[in-house]
Amino acid sequence: MTSMIMNSSIIFTLCYLWLLTLRFGVCREIVCIPREREALLKLKHNLQQEAYEKAYEAYMRSMFGGEINPCLVDLKHLNYLDLSGNELLGAGIPIPGFLWTMTSLTRLDLSYVGFNGKIPPQIKNLSNLVYLDLTYVAIGPIPSQIGNLSNLLYLHLTSRSNKGDLFSENVDWLSSLSKLEYLDLSGVDLSKSFHWLHNLQALPSLKHLHLSNSKLNHNNQPSFLNVSSLLTLDLSFASYSPAISFVPKWIFSLKTLNSLQLRGNEIQGPIPDSFQNLTLLQHLNLWSNSFSSSIPNWLYRLCHLEFLNLAQNNLHGSISDNLGNLTSLVVLYLSYNQLEGPIPSSIGNLTSLVELDLSNNQLQGTIPTSLGNLCKLREIYFSYLKLNQQVNEILQILTPCISHGLKTLAIQSSQLSGNLTDQLGDFENIVGLDLSENSIGGALPRSIEKLSSLKSLHLSKNKFRGNAFESLRSLFNLSYLYIDDNLFQGVVNEDHLANFISLKIFSASGNNFTLNVSPNWHPNFLLTNLGMGSWQLGPNFPSWIQSQNKIEYLDLSNAGILDPIPAWFWERFSQAFVVNLSHNHIHGELATTLRNPISIYNVYLSSNNLFGKLPNLSNDVYRLDLSKNSFSESMNDFLCKNQVEPMQLGFLNLASNNLSGEIPDCWMIWPFLVDVNLQSNHFVGNLPPSMGSLTILQSLQIRNNSLSGMFPTNLRKNNQLISLDLGENNLSGTIPTWVGEKLSRMKILRLQSNKFSGHIPNEMCNMSLLQVLYLAHNDLSGNIPSCFNHLKAMTLMNKSTTPLIFSEATNYAFGSNTIGIVSVLLWLKGRGDEYQNFLGLVTSIDISNNKLSGDIPIEITNLNGLNFLNLSHNQLTGHIPSSIGNMGSLQFIDISRNQLSGEIPPTISNLSFLSMLDLSYNHLKGKIPTGTQIQSFEASNFVGNNLCGPPLPVNCRSNPQIPNIDHIGTEDDGHGVNWFFVSMTLGFVVGFWVVVAPLFIYRSWRFVYFCFLDDIWYKLQSYW
């Protein structure tokens, strides 16, 4: 901010010169007007006192436009000309030629002016220049005549881009600038300058060299550079011709360096040991490379280091206790690596440390108590670690030495638990606090109201309880509030929100708040982001949001709103980026509330009671979700527009409505669609030919309709498809071979519950990315393709480790990437569920309920990453492959109701993840193998075979049709005595004679017995 204000003050100081040299024609007899001088000084003073945003706005308003009047050359004694920062001045035109005639200039600064042209040879006329800055104004070749400026101490020729707009094929002119101390050629293309390094050796006074984003020639570079005065070297993001992936050796000869920046140079391998030769280094920045070693021990001996940035590399291993030797460190950044082990207690020796960032590593264990010694710490970043620590313990460590001066504390997603205590109130100067994505519970302490400087508070995704606004209500400086996805609850009224006068982002979705405000409430805040999803705001539509005319993001989902959407809503938020009103009970005909087509970039209105025709869209909409409503009639009016310009829509979800008729043939004006979901409607016919024009389509779901006809041939043009769901329709014919040839990027293919016939084409084995194949409930016949082992995504070596499957598109209008998360209905473990959050981890083959025959191919057992396999209700014969035990990832196997024979392979007991195994109704025989899971399954999963052993109640030794298996696994000849039938016969004979024999022997027993029978007969007759 300081540099901006200084730049603005320089511009205002030049205002006198401007007034005299622009269009007013006064170039001589200059007279200062005291009143104007006083006004300019006051404006300068006000800029220094205003907040950053206001100062920046004033700065932008202060920019000069128009053109520079040539009468500037009449100022013969002018030696200092600074027009920097005026981006609107002479925008797009070359640098005025008369400037090169102002020979008295010793300082010329045209940086960030709107000029865009070549540097002319006449620059040699400015031989008195000591300071020259042409940042972002020059293109084309750098003229050799710059070498005539022998008095230059400072030369800044930064290019506007790194695309070679400013270049030099020969920098011999550098050798003439013997007094040069500062040289900045950032972004300049020197790839054809073969001797640029040799020319640098002719600059004995050079102290600062900046070549960031430059293109440098690496041919014939020396390993030693004789530049004894160089203090600063910046090669960040420099590229080399030919390309290199190591640190150039000549850097290590610069023994006087105290600042070295090699950011983003794509350097690989270990951190070179030669760095230890640069013993005077105070500033070392190796950010965003690919260094893959541990932190070398010699680095801890660079005792002059004040700034060390090793972030965003692939460093591994632990942080040594020798870290405590770097007692001069002021800034330490080690984030985004693979460092592991504990945070060393020696970190407490770094008493000069002001900024510390260890986030996004594998560091584990508690924060050492010695951290509390670092009383100068102002910023701490410990996010995404494995601290596994009580949050109150951390507060205790930071209190009291650090807490009073700390400005930023970020410990996001680091396995914190416990409750916040009143010690939080000791952090009275903290500006940013981020404890999100942990397991912190309890209510917010009242002491949080003491944090009067707090501007940014992130507590999302924890287990906080109570009414947060009872504690937060006094934070009048709060600008960014994120408390979403907690267990907060309670009533929030106007008083709770009255002091939030600075609030810009209010993100509190996913709690159980109830907002109780008057119908005429006018909030004191003016928000850009408002998240009140899952609040109780209804039943009326909240009218107070009309006051929030700066809204970019609005989430009122699941808020109990019953009213229709008012007409003012669409006009008020027409420029919003996201509007989410889903999962309410909003009713009404949407089209009648729209005076103009919807223009919001992302619109989510799913799971409501909207009906009627689909709404009209403007060309600004990129994502539209109207699923789970009651929209009806045809899509014609929505889809078919009389316009030449293509629509920008990328994501369209109209699932679960009452849309009917044929799908219109108007898709050619929607070329940017990447995700289309029309499932669960009443569409008939087949897919229209124009759907083939959606060449970047990645996900198409039209299941559960009434489509008919053959497999849609127009889909062969949609070769970017990763998910295709045509299930639950009436499609027929064969599955064409081109599905496997043209749709090679497919990950999800779901064709179940149709009427497809014929063979499963072998070409489907070419779909090496396929994770889910559903062909169940069709009329497919023939053999299971033996080439299924080519489905590489179902093997452990190639299996996805990403939980989500994305459809991704580039919106050229906004110049940004937008992603959608693919979801699909899968029948797993006997029930159908919509899979989304873990779909990327699922691998499944379901070809059940067909007419497939032949053996189960042994090649299928090579799919050791397959989770679910269903081959049931077919006509498969032969044996279960003996190598089925290789499929170690299987959780579900169903091969029931086939004609499989033989024994169950013993290797099936190796499948330790099985939660479901169904082998029922085949011709299997023998003993069920013993395994941890197998005996826990229901007996019904094995019935309809000739099997024995648990979980069946059939003992293998008592079944004559089951070969007897002794304890050592050998079988007898099968002709032994069946003791089950022997014992049953013997029991019958003995029981019979025990009852009947006494009746023959004792007459009195016979008399009693027959009297008993007569009595029973008499009673029965009386009931009749």
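Before going into details, it helps to say that this report is about the structure given with it. (Residues numbered from 1 in each chain as written. Predicted model: local features only at pLDDT ≥ 70, side-chain atom pairs only at ≥ 80, totals over all residues. Heavy atoms only, no water.)

## Here we look at the nonpolar core
- The biggest cluster of nonpolar side chains holds 260 residues, and the ones touching the most others in it are Phe275, Phe382, Phe506 and Trp667.
- Elements represented by at least two residues in this core include exactly helix 5 (196-200), helix 6 (391-398), helix 7 (469-472), strand 35 (512-516), helix 9 (567-572), helix 10 (636-639) and helix 11 (738-742).
- The element best represented in this core is helix 6, accounting for 5 residues.
- Among residues more than four places away in sequence, those in contact with phenylalanine 382 are Ile343, Leu356, Leu358, Ser359, Ile367, Leu371, Leu387, Ala410, Ile411 and Ser414.
- Ile722, Val772, Val824 and Phe868 belong to the second largest nonpolar core, which has 13 residues in total. (Core = buried A, V, L, I, M, F, W, Y, C linked by side-chain atoms within 4.5 Å. Buried < 20%, exposed > 50% of the residue type's maximum accessible area, 1.4 Å probe, protein only. Helix = DSSP H or I, 4+ residues; strand = E, 2+ residues; numbered from the N terminus. Contact = heavy atoms within 4.5 Å.)

## Structural notes on the side chain of asparagine 337
- Topologically, asparagine 337 is positioned in the loop between strand 20 (331-333) and strand 21 (338-341).
- Polar side-chain contacts of asparagine 337 include one of 3.2 Å to the backbone nitrogen of asparagine 313.
- Looking at asparagine 337, its side chain comes within polar contact range of the main-chain nitrogen of asparagine 314, at 3.5 Å. (Polar contact = N/O pair within 3.5 Å; in protein donor to acceptor, adjacent residues only side chain to side chain.)

## Some details on the pairing of strand 53 (residues 755-758)
- Of the two faces of strand 53, only one is covered, namely that formed by Phe756 and Gly758; the face formed by Lys755 and Ser757 stays uncovered.
- Here strand 51 (residues 730-734) runs beside strand 53; their pairing, made up of 3 bridges, is parallel. From the neighbouring strand, threonine 734 faces strand 53, where its bridge partner is serine 757.
- As paired strands, strand 53 and strand 55 (residues 779-782) are joined by 2 bridges and run parallel to one another. Note on strand 55: the bridge partner recorded for serine 757 is aspartate 779. (Pairing = 2+ DSSP bridges.)

## Details of the packing of aromatic side chains
- Under the criterion given, the structure shown has 31 aromatic pairs.
- Measuring from ring centre to ring centre gives 5.0 Å for tyrosine 112 and tyrosine 136, while their planes differ by 65°; the resulting arrangement is edge-to-face. One end of the pair, tyrosine 112, is in the loop between strand 2 (107-109) and strand 3 (117-118); the other, tyrosine 136, is in the loop between strand 4 (131-133) and strand 5 (138-141), and 24 residues separate them in sequence.
- According to the relative accessible area criterion, tyrosine 136 is partly exposed, its value standing at 30%.
- Here the aromatic rings of phenylalanine 541 and phenylalanine 569 are separated by 5.4 Å at their centres, their planes lie at 80°, and the arrangement is edge-to-face. Taken as a pair, phenylalanine 541 in the loop between strand 36 (529-531) and strand 37 (553-555) and phenylalanine 569 in helix 9 lie far apart in primary sequence, 28 residues in all.
- Residue classification places phenylalanine 569 among the buried positions, given a relative accessible area of 0%.
- Here arginine 897 stacks its cationic end above the ring of tyrosine 921, 4.3 Å away from the centre of that ring. (Phe/Tyr/Trp six-rings, centres within 6.5 Å; stacked < 30°, edge-to-face > 60°. Lys NZ or Arg CZ within 6 Å of the ring centre and 35° of its normal.)

## Side note on the sheet that holds strand 21
- Spatially, 3 strands are ordered 19-21-23 in an open sheet, and the strand pairing comes out parallel. Either end of the sheet is taken by a strand with one partner, and the two such strands are strand 19 (316-318) and strand 23 (362-363).
- Where strand 21 lies against strand 23, 2 bridges are found, and the strand directions are parallel. Looking at strand 23, one finds that glutamate 340 is bridged to glutamine 362.

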